[in-house]
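Survey of secondary and tertiary structure
Listed here are the chains, written in short residue letters.
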Amino acid sequence: MVLDQANSGAVVGDTLLDLAGDGPLVSRLERALRDAITSGRLDAGSPLPASRRLAQELGISRWVVTQVYEQLVAEGVLEARVGSGTRVAAGARLGPTGAAATDTLPPLPRVPAYDLRPGIPDLRHVPRDAWSRALRDALAAATADDLAAPAAAGHPAARAAVAAHLRRARMVEAPDTAVVLTRGATDGMDRVVRALRAAGHTHLLVEDPSWPVLREVAARAGVVPVPVAVDEGGVDVDALARAARATGARAALVTPAHQFPVGVPLAGERREALLAWAREVDGLVVEDDYDAEFRYDRRPVAALQRLDPSRVLLLGSTSKTMSPAFGIGWMVVPPAWRATLSAAPGTAPSVVDQLALARLLTSGGYDRHLRAARGRFRRRHDALLAALATRLPDARTSGLAAGLHLVLHLGQAAPDAADVVRAAARLDVGLTDMRRYQVEPAPTSRRLVLGYGNLVDARLDDAVTRLATCATSRRDG
Ligand SMILES: Cc1ncc(COP(=O)(O)O)c(C=O)c1O
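Quick summary incoming for the structure in this document. (Residues numbered from 1 in each chain as written. Predicted model: local features only at pLDDT ≥ 70, side-chain atom pairs only at ≥ 80, totals over all residues.)

1. A look at the nonpolar core
Operational definition: Definition of nonpolar core: a set of buried Ala, Val, Leu, Ile, Met, Phe, Trp, Tyr and Cys residues joined via C-beta atoms within 7 Å. Labels follow a simple rule on C-beta atoms placed from the backbone: if 20 or more others lie within 10 Å of a residue's own, it is buried; if 12 or fewer, it is exposed; otherwise it is partly exposed. For helices the rule is a DSSP run of H or I covering at least 4 residues; for strands it is a run of E covering at least 2, with both sets numbered from the N terminus onward. Boundaries between domains were set according to an automatic or database domain assignment. The contact criterion used here is simple: two residues whose C-beta atoms, placed from the backbone, lie within 7 Å are in contact.
If you look at the biggest cluster of nonpolar residues, it comprises 112 residues, and the most contacted ones within it are Leu204, Leu205, Leu313, Val332 and Val420. Top element by residues in this core is helix H11 (residues 351-362). It accounts for seven residues. Two domains each donate at least three residues to this core, and these are domain 2 (114-118 + 368-471) and domain 3 (127-365). Apart from residues no more than four positions distant in its own chain, Leu205 is found in contact with Val226, Val228, Leu240, Ala243, Ala244, Ala249, Ala251 and Ala252. With 22 residues, the next largest nonpolar core counts Val12, Val64, Val65 and Leu72 among its residues.

The structure is reproduced here in structure tokens:
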């Protein structure tokens, strides 16, 4: 059905074809039809009025309508069949350029309303203003030399600022020249495993459980990850040395400040033993320092790197302190690997972002942000423990008062963690089964890795109540 729209538009089906705007009538009608189809207001198969009729309704020449129909038929957006008129083609979906597109971009995954997933920082407190200021000031002050081709290891000002920050905050022992800028810990790891492979390494010892992404990065570079068990003292260094002997591995990836995901620090004597092993085999220890800025019960333990700067390569990033969206990280590289890793054609962050990071660090803005974040996370950590104790008295938690996650051990009567995760998802609660981080996922699991980085404080009680509903329902429920 076509109704008169005072010569500026017409209704086709229930859809208004609006010809308002600039340009020739042909373009305006074509745009109006494309918009109606792209937005789904005109479905595949919808009949269009005969050209004469639509021309009359729009008060335009029939020629305009036939031009547009013919163009869209030629593109496969419309189809014209003798006897049944013109219709929207089956499967017609238009991209914004007007080209018929068969695929549409999937939307970004939705953040659950009750976000208890680990590894996610506080997305409501990303330091937007401080970063914007740092970016503006850095760009205003940048010289022509700054804005020339980027240096592979990073801009000297950014390397120096990161080095100064790490010496102070993580007690890292390193000159400015040891720091290489990366797009994050994953990018850093990618460069490291490629360098290891090129130097003849075939295996990498990894903690089990651990973050699978870095294991996969190693495997993709042709370096086989060898799992080593973790207990309450962190990675089992005796087991690590045995696995090293069995496989010939001479490199290890560890999370000494706060094991991910078990949440414990690497015990003092194991730190020494790990470094003694590395010296003995002429090996390399990669220290993933992913969330060490956040410790709520005491000052953070110094980086392992400090104990042997010639054997430990430290990886860090702003993914936990700001957001992974910034894509900024660093590595502190031992002298023997510096030439290789400084020259590696990596994917350094943009120079403009590096200069902004340097500003944020030297102005004290980063420290102010960390202080505020630490306070928020400490309060949230304590509130989460209190809520869990009340609502899930049969469960217990483990892990340091640190970082952005803890481990929740459900009681023996609880359903399997996989069932809890599934049931919780239906209540818009994001949870993670410990199995996700195990090299060989266990047949049964009653452990959840609970993150509170992105948990909205006002929803904390409700989140735990929902979790408790799922964790205490019947096993087969
Ligand atoms: C254990 C661990 N290391 C490192 C990272 C950070 O990686 P990136 O800096 O590439 O974002 C994460 C992020 O989730 C992590 O969980």
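Next comes the rest of the description.
2. Details of unusual backbone geometry
Across the junction of Asp208 and Pro209, the peptide omega takes the value 10°, indicating a cis bond. With respect to the element layout, Pro209 can be found in the loop between strand S8 (203-208) and helix H7 (212-220). Look at the link from Phe260 to Pro261: it is a cis peptide, with omega at 5°. Among the secondary structure elements, Pro261 is positioned in the loop between strand S11 (251-254) and helix H9 (268-280).

3. Remarks on the site of the ligand
Our working rule: Whether a residue is near a molecule or strand depends on its C-beta atom, placed from the backbone, lying within 6 Å of it. Gly is put with the polar residues, along with every residue not named as nonpolar or charged; the nonpolar set is Ala, Val, Leu, Ile, Met, Phe, Trp, Tyr, Cys and Pro, and the charged set is Asp, Glu, Lys and Arg.
The ligand sits among 13 residues. The nearest are Gly184, Thr186, Tyr290, Ser317 and Ser319. A per-class count over the shell around the ligand returns five nonpolar, seven polar and one charged.

4. Side note on the sheet that holds strand S16 (residues 405-409)
Put simply, the test is: Between any two strands, at least two bridges found by DSSP are needed for them to pair. Angles run from 0 to 180 degrees between N-to-C directions of axes, and those axes are lines fitted to C-alpha atoms, restricted for helices to the stretch in contact.
What the three strands build is an open sheet, ordered S15-S16-S18; its pairing is antiparallel. Each of the sheet's edge strands pairs with one partner strand only, and the pair in question is strand S15 (396-398) and strand S18 (447-451). Put simply, the sheet's adjacent strands are angled 30° from each other on average, direction ignored. Relative to S16, S15 is paired through three bridges, and the arrangement is antiparallel.

5. Description of the pairing of strand S3 (residues 15-18)
In S3, alternate side chains face the same way, and those of Thr15 and Leu17 are buried while those of Leu16 and Asp18 on the opposite face are not. Taken together, the four bridges between strand S2 (residues 9-12) and S3 define a ladder with antiparallel strand orientation. Paired with Ala10 across the bridge in S3 is Leu17.

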